[in-house]
Amino acid sequence: MSGARVIGKMKVYGYGTKSKEDELVPVTFERGELRDGEVAIQITHCGVCHSDLHQAKNDWGNTIYPCVPGHEIAGVVTEVGPGVTRYAKGDRVGVGCMVNSCQECDSCEKDEEQYCSGPKSCTLTYNGPKNPDGSNTYGGYSTDIIVREEFVLRVPDEIEQDKVGPILCAGITVYAPMKHFELKEGQTLGVAGIGGLGHMAVKLGKALGAKVVAFTRNEDKKEEILAMGADEVVISTDEEQMNDAAGSLDMLINTIPVAHDIAPYIQLMRPNSHLVIVGNMDSFPEFSPGPLVFNRISLSGSLIGGIADTQEVLVLCAKHGIAPATKLVSIDAINEVYEELANGGGQDFRHVIDLDTLRKLEEDSQLEATELPSPERGDLAKAS
Ligand code: NDP
Ligand code: ZN
């Protein structure tokens with residue numbers, strides 16, 4: 001059955017950038033043919049993660065251009081390839097940060113595909129494999145995508161279509177460390193930086209029965225964060241408030257996206273607690289391990305989450321009525337959204353692109369789209 005052609009070549013429109021100096025502009029490319037075990041998805045919505053901005057601007061030094069970001073994808077199945085058993089045309093589905101992995105290393109066997117140690121490690125939804133070999137993938141700022149079925153998520157009926165995407169990166173990224181480091185009912189969870197990831201951590205922490213303390217620089221977000229369920233809001237730039245919270249946390253999820261002084265956050269931790277970094281991948285310039293040693297505090301990092309856990313967090317959100325706080329935007333507002341994120345985020349927690357706005361621009365012949373080379377989407381390691 002290998003190589004069966006089902007829908008022919010798929011022409012797709014999107015938004016992408018060809019260098020870190022450029023803004024995102026309309027693009028067009030071919031997704032290629034639907035292969036065995038793959039699912040074609042019309043994208044309805046895509047969340048805007050701060051990682052999209054880091055990647056578009058090459059903040060991590062690993063961007064492969066052209067870059068078409070987007071890994072908080074909600075859509076509807078338009079076609080399935082031969083051998084697909086889990087999905088059918090018309091299903092509401094999601095795609096998160098990964099579209100492929102080797103499926104057979106220790107990490108993949110443990111449902112932690114994000115730590116895949118196969119030859120290419122996991123294939124990210126955009127910006128290709130983590131160990132770039134020159135191939136590239138294009139993400140969800142686009143009209144359609146093709147993904148092997150193991151990396152497609154089923155959307156519970158209770159979750160509205162525009163609320164799906166942010167669960168698939170922001171949600172799983174903060175849920176995974178809560179699960180792995182065993183956040184327990186009654187424990188105190190701190191969350192630093194209350195943007196896309198942070199506000200989902202507040203909601204998920206409450207759903208798991210923790211007391212949640214939110215650390216934000218933005219006094220204006222305080223009421224909304226309390227309304228999300230946070231037990232307390234501490235203004236992180238207020239030294240007195242930070243000192244009052246010293247020694248109070250069993251776990252802290254730090255989502256701050258830039259290099260910053262970690263010392264005031266270490267000071268918040270109890271003995272035997274976990275301080276988990278998910279945001280800053282740059283440096284902690286003034287880092288001193290002494291306070292960790294004296295209280296047996298673990299300093300850890302955590303990367304997104306596996307597919308099974310992502311499905312689990314979707315179900316958890318459905319069960320607890322958790323929805324991200326989103327602002328729906330048109331695709332041609334993306335550069336303004338990036339500016340807002342680069343400036344530390346305003347009052348919004350998560351922007352979500354309505355991809356119908358892209359289809360409309362195309363239908364109205366208002367897109368002057370640059371043609372891009374076709375993206376990769378990885379080998380089908382276990383294709384029948
Ligand atoms: P957002 O921009 O939505 O939120 C980040 C929050 O951090 C802001 O709302 C703000 O919160 C605070 N913040 C922003 N700038 C600064 C600054 N200069 N100094 C101090 N605090 C600041 O980003 P996301 O939630 O989408 O992503 C957060 C980080 O996590 C990014 O770096 C992203 O790349 C990373 N990430 C990591 C993943 C992983 O697997 N580890 C997965 C996904 C994202 P406030 O106003 O409340 O202070
Ligand atoms: Zn993300």
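Owing to the predicted nature of the structure, the values given are computational and were not obtained by experimental measurement. Per chain, residues are indexed from 1 in the order of the written sequence. To read the labels, note that chains go from A and ligands from 1, taken in the order they are written. In keeping with the predicted nature of the model, local features appear solely for residues at pLDDT of at least 70, side-chain atom pairs appear and are counted solely at 80 or more, and the whole-chain, interface and lining totals rest on all residues.

Comments concerning the site of ligand 1
We call a residue near a molecule or strand when its C-beta atom, built from the backbone, sits within 6 Å of it. Around ligand 1, the surrounding shell holds 30 residues, and the nearest of these are H50, G193, G195, T216 and P257. At the level of secondary structure, the elements contributing two or more residues to the shell around ligand 1 comprise helix 1 (50-56), helix 3 (165-180) and helix 4 (196-207). Polar here means any residue other than Ala, Val, Leu, Ile, Met, Phe, Trp, Tyr, Cys and Pro, which are nonpolar, and Asp, Glu, Lys and Arg, which are charged; Gly is therefore polar. Taken together, the residues of the shell around ligand 1 break down into twelve nonpolar, 16 polar and two charged. Structurally, the shell around ligand 1 is a two-domain feature, drawing no fewer than three residues from each of domain 1 (11-160 + 324-371) and domain 2 (170-301). Helix and strand labels come from DSSP, where a helix needs a run of H or I of at least four residues and a strand needs a run of E of at least two; each type is numbered from the N terminus. An automatic or database domain assignment provides the domain bounds reported here.

Quick word on the environment of C108
Residue placement: C108 occurs in helix 2 (residues 106-109). Distance from C108 to Q241, taken between C-alpha atoms, is 43 Å for residues 133 residues apart in sequence. Residue pairs are scored as contacts if the distance between their C-beta atoms, which are placed from the backbone, is within 7 Å. Ignoring sequence-local partners within four residues, the contact set of C108 consists of S101, C102, Q103, E113 and C116.

Observations concerning the sheet that holds strand 15 (residues 298-301)
Pairing is parallel across the open sheet formed by six strands, whose spatial order is 12-11-10-13-14-15. Two strands bound the open sheet, and with one partner strand each, they are strand 12 (232-235) and strand 15. With direction set aside, neighbouring strand axes in the sheet form an average angle of 20 degrees. Two strands qualify as a pair provided that DSSP identifies no fewer than 2 bridges between them. Pairing geometry for strand 10 (residues 188-192) and strand 11 (residues 211-216), over five bridges, is parallel. The axes used here are C-alpha line fits, helices contributing only the stretch in contact, and every angle between their N-to-C directions lies in the interval 0 to 180 degrees.

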